[in-house]
Amino acid sequence: MASAAITLAAEAPKLSSANTGFMLICSALVLIMTPGLAFFYGGMVRVKSTLNMLMMSFISIGIVTILWVLYGFSLAFGTDSGSVIGWNSDWVGLSNIGLTELWDGYTIPIFVFMVFQMMFAIITPALISGALADRVKFSAWALFVALWATVVYFPVAHWVWGAGGWAFELGVIDFAGGTAVHINAGAAALGVILVIGKRVGFKKDPMRPHSLPLVMLGAGLLWFGWFGFNAGSWLGNDDGVGALMFVNTQVATAAAMLAWLVYEKIRHGAFTTLGAASGAVAGLVAITPSGGAVSPLGAIAVGAIAGLLCAMAVGLKYKFGYDDSLDVVGVHLVGGVVGSLLIGFFATGKGQSTATGVFYGDHSFDQLWKQCAGVFAVLAYSLVASAILAFLLDKTIGMRVSEDDEVAGIDQAEHAETAYDFSGAGGGAARTTAVPAAVGADSKKVDA
């Protein structure tokens with residue numbers, strides 16, 4: 001018995017300084033994605049809403065960080081209760097966690113896992129904000145972020161990644177957040193905009209991006225940070241799966257960008273910077289759940305399919321009449337669904353698990369059905385719960401700014417600031433420069 005105990009002790013995971021350092025770097029990379037998202041969204045709106053879009057992302061950093069420390073980490077990753085939620089009183093306020101106490105089964109401290117997952121929790125509600133541009137009270141948005149993180153994100157994260165969560169136990173594959181992050185945020189965006197309604201001038205006034213360089217900067221920061229988001233989700237570098245995910249992240253993103261641009265050229269006659277940025281983000285979204293399960297060739301297929309379908313999907317709001325300002329539904333919801341379901345076709349069984357897709361021998365569609373269960377459960381829950389939260393806030397404190405404030409500019413009304421101050425730019429008469437309409441994806445022709 002003594003020798004057996006010694007053997008077991010010798011085989012227990014030990015803290016790896018290499019994996020710990022790697023995960024701290026990945027955590028910082030994921031954090032920079034939220035300011036990147038702020039620039040991406042900030043450039044896509046009209047100039048009078050720029051600061052508001054930046055702040056809607058930045059406030060998520062403050063609110064979700066505190067909630068995650070107080071109780072969010074415990075709800076998402078604590079001891080399972082009924083396969084729907086977790087709880088660990090020792091993690092409330094991070095009060096009883098040892099500095100070198102390891103995350104179960106891994107070689108990194110609990111603190112490192114906690115802070116890595118915190119960054120995911122931060123960016124997910126920030127993604128929703130792009131659908132609500134120009135028209136939401138900042139105070140109402142801040143309260144929505146707190147409620148949504150508690151009621152929607154923390155439970156869904158437990159379903160998908162928490163030990164005992166029903167999707168985790170079912171075998172739904174979501175490497176880094178296709179369901180928990182992108183479908184969750186995209187469905188929430190749809191739920192909220194169905195409650196709060198359209199912007200003043202939707203389908204009538206031109207709502208073009210005011211700064212495409214900001215959009216490209218934001219897309220570049222997102223692409224850069226996404227390597228930490230994706231490769232870091234394997235929590236180490238010991239078996240090559242994280243490296244596969246890193247490669248597939250690059251490959252799928254490139255394929256999606258090219259597919260979007262080809263669609264755009266055929267449909268609208270030009271290759272636009274906005275199309276390149278949007279296509280890249282669509283590819284990043286789609287490979288997030290699937291990159292650990294598919295080959296690089298499969299990643300090309302995932303990216304190309306997602307780029308094409310997302311480019312087509314951004315015009316659906318005109319057909320169905322919902323005002324998704326910056327195409328959160330078209331890119332994140334559709335991209336997340338596409339990437340998650342394509343696992344059921346392209347999983348090789350040689351990556352993160354032995355599960356295979358239809359094209360690699362799973363003719364019983366077993367993995368595809370599991371993916372469908374995860375996708376549509378998260379979509380339905382987030383859509384309904386988010387709509388209810390928005391409805392309650394709208395009927396109590398009110399979600400929208402006044403029509404006058406929306407027309408005059410939400411930056412001045414909500415933040416008492418403007419993004420650009422030209423008062424010292426020089427004397428003489430004011431000059432205006434005509435800006436040609438974007439000829440990118442459907443939604444960007446009139447509304448971006």
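Note on numbering: residues in each chain are counted from 1, in written sequence order. Local features in this predicted model are restricted to residues whose pLDDT is 70 or higher, and side-chain atom pairs enter the listing and the counts only when it is 80 or higher, whereas totals over whole chains, interfaces and linings include all residues. As a rule here, side-chain values come from all non-hydrogen atoms in the structure, and water together with hydrogens is ignored.

Asker: What is the right way to look at the overall build of the protein in this model?
Answerer: When helices and strands are tallied, the protein shows 17 helices and two strands. In summary, the protein has a C-alpha radius of gyration of 22 Å against a globular reference of 22 Å for 448 residues, a match within 12%. Along the first, second and third principal axes, the C-alpha atoms of the protein reach 90 × 45 × 40 Å. Going through the 448 residues of the protein one by one, you find that 56% of them count as buried. Sequence separation of at least 24 residues holds for 78% of the intrachain contacts in the protein that already meet a minimum separation of 6. For the protein, the computed accessible surface area is about 17600 Å², with 67% contributed by carbon and sulfur atoms. Strands here mean DSSP runs of E at least two residues long; helices mean DSSP runs of H or I at least four residues long; both are numbered from the N terminus. Our radius of gyration is a C-alpha quantity, and the globule rule it is checked against amounts to 2.2 Å times the number of residues to the power 0.38. Three exposure classes are used, based on accessible area relative to the maximum for each residue type with a 1.4 Å probe and protein chains only: buried under 20%, partly exposed in between, and exposed over 50%. For this analysis, residues touch if any pair of their heavy atoms sits within 4.5 Å. Under the convention used here, a 1.4 Å probe and the Shrake-Rupley method define accessible areas, while residue burial counts only the protein chains that appear.

Asker: How should the packing of helix α7 (residues 178-196) against helix α13 (residues 328-346) be read in this particular structure?
Answerer: In helix packing, the relevant descriptors are the interaxial angle and the interaxial distance, both defined with respect to the helix axes. Note on method: axes are straight lines fitted to C-alpha atoms, helices fitted across the in-contact stretch only, with angles between N-to-C directions ranging 0 to 180 degrees. Viewed as axis vectors pointing N to C, α7 and α13 meet at an angle of 145 degrees, and their least axial separation amounts to 8 Å. Two packed elements cross with a definite hand, and for α7 against α13 that hand is left-handed. For the pair α7 and α13, the contacting residues are Gly178, Thr179, His182, Ile183, Ala185, Gly186, Ala187, Ala189 and Leu190 in the first and Val328, Val329, His332, Leu333, Gly336, Val337 and Ser340 in the second. The residue classification treats Ala, Val, Leu, Ile, Met, Phe, Trp, Tyr, Cys and Pro as nonpolar and Asp, Glu, Lys and Arg as charged. All others, Gly included, are polar. A breakdown of the residues in the contact of α7 with α13 according to their chemical character gives nine nonpolar, seven polar and no charged. By convention, the crossing between two helices is left-handed when the near helix turns anticlockwise from the far helix through less than a right angle, and right-handed when the turn is clockwise.

Asker: I keep staring at unusual backbone geometry and nothing clicks. Help me out?
Answerer: The phi torsion of most residues other than glycine is negative, and most of the peptide bonds are trans. The backbone phi angle of Asp327 is positive, close to 65 degrees, even though this residue is not glycine. Among the residues examined, Asp327 registers a relative accessible area of 2% and is labelled buried. The residue Ala416 is not glycine, and still its phi comes out positive at about 55 degrees. Its location among the elements puts Ala416 in the loop between α16 (410-415) and α17 (442-446). Residue Ala416 is classed as exposed on the basis of its relative accessible area of 57%.

Asker: Would you mind showing me how to read a nonpolar patch on the surface here?
Answerer: Among the surface-exposed residues, Ile305, Leu308, Leu309 and Met312 lie close enough to one another that they form a single nonpolar patch of about 300 Å² accessible area. Within the fold, Leu308 resides in helix α11 (residues 296-313). Exposure above 30% relative accessible area and the absence of a salt bridge qualify a residue for a patch, where like charges join within 9 Å and nonpolar side chains (Val, Leu, Ile, Met, Phe, Trp, Tyr) within 5 Å. The rule for a salt bridge is simple: a side-chain nitrogen of Lys or Arg has to be within 4 Å of a carboxyl oxygen of Asp or Glu.

Asker: Would you mind going over empty space enclosed by the protein with me for this structure?
Answerer: Regions of empty space are outlined by a rolling probe, equal in size to a water molecule, passed over the atoms. Buriedness for pockets is judged along seven lines, at least five of which must meet protein on both sides within 12 Å for an open set on the 1 Å grid over protein atoms alone, while cavities are sets there where a 1.4 Å probe fits but cannot get out, and lining residues have an atom within 4 Å of a point. Grid points are joined across faces, edges and corners, and a volume is the space filled by probe spheres set on the points. Inspection of the entire model under this criterion finds one cavity of 30 Å³ or more. In this structure, the largest cavity encloses a volume near 80 Å³. Together, ten residues line the largest cavity, and Phe40, Leu326, Asp327, Val331 and His332 are the ones closest to its centre. Where the lining of the largest cavity is concerned, the elements lending two or more residues are α2 (17-44), α10 (273-290) and α13. Looking at side-chain class alone, the lining of the largest cavity contains six nonpolar, two polar and two charged residues.

Asker: What is the right way to look at the packing of aromatic side chains in this model?
Answerer: The geometry of two aromatic rings is summed up by the distance between their centres and the angle between their planes. Put simply, two rings from Phe, Tyr or Trp (the six-membered ring, in Trp's case) pair if the centres are within 6.5 Å, and we call them stacked under 30 degrees between planes, edge-to-face over 60, tilted for the rest. Scanning the model with the defined rule gives 27 aromatic pairs in all. Note on Phe175 and Trp234: the rings are 5.6 Å apart at their centroids and 15 degrees apart in plane angle, and the pair reads as stacked. Here the residue Phe175 occupies a position in the loop between α6 (166-170) and α7, and Trp234 occupies one in the loop between α8 (212-231) and α9 (241-268), the gap between them amounting to 59 residues. On the basis of relative accessible area, Phe175 is assigned to the buried category, the value being 6%. One aromatic cluster is present, formed by Trp68, Tyr71, Phe73, Phe77, Trp91, Trp103, Phe113, Trp148, Tyr153 and Phe154 through successive ring pairs. Over the face of the ring belonging to Phe271 we find Lys265, whose NZ or CZ atom lies 5.4 Å from the ring centre. Charge over a ring is defined by NZ of Lys or CZ of Arg lying within 6 Å of the ring centre and within 35 degrees of the ring normal.

Asker: Looking at this structure, I do not really get the state of the cysteines. What am I missing?
Answerer: Here a disulfide denotes a covalent bond joining the sulfur atom of one cysteine to the sulfur atom of another. Cysteine sulfurs are considered disulfide-paired once they come within 2.5 Å of each other. All told, the structure shown has zero disulfides when counted by the stated rule. With no disulfide of its own, Cys310 has Cys372 as its nearest cysteine by sulfur position, at a separation of 17 Å. Exposure remark for Cys310: the relative accessible area of 0% places this residue in the buried category.

Asker: Any chance you could explain the environment of Lys137 here in plain terms?
Answerer: You can see Lys137 is positioned in the loop between α4 (110-128) and α5 (138-161). The partly exposed category is assigned to Lys137, whose relative accessible area is 24%. In this structure the C-alpha to C-alpha distance between Lys137 and Ala413, which are 276 residues apart in sequence, comes to 9.3 Å. If near-sequence neighbours (up to four positions away) are discounted, Lys137 is found in contact with Ile397, Gly398, Met399, Arg400, Val401 and Glu414.

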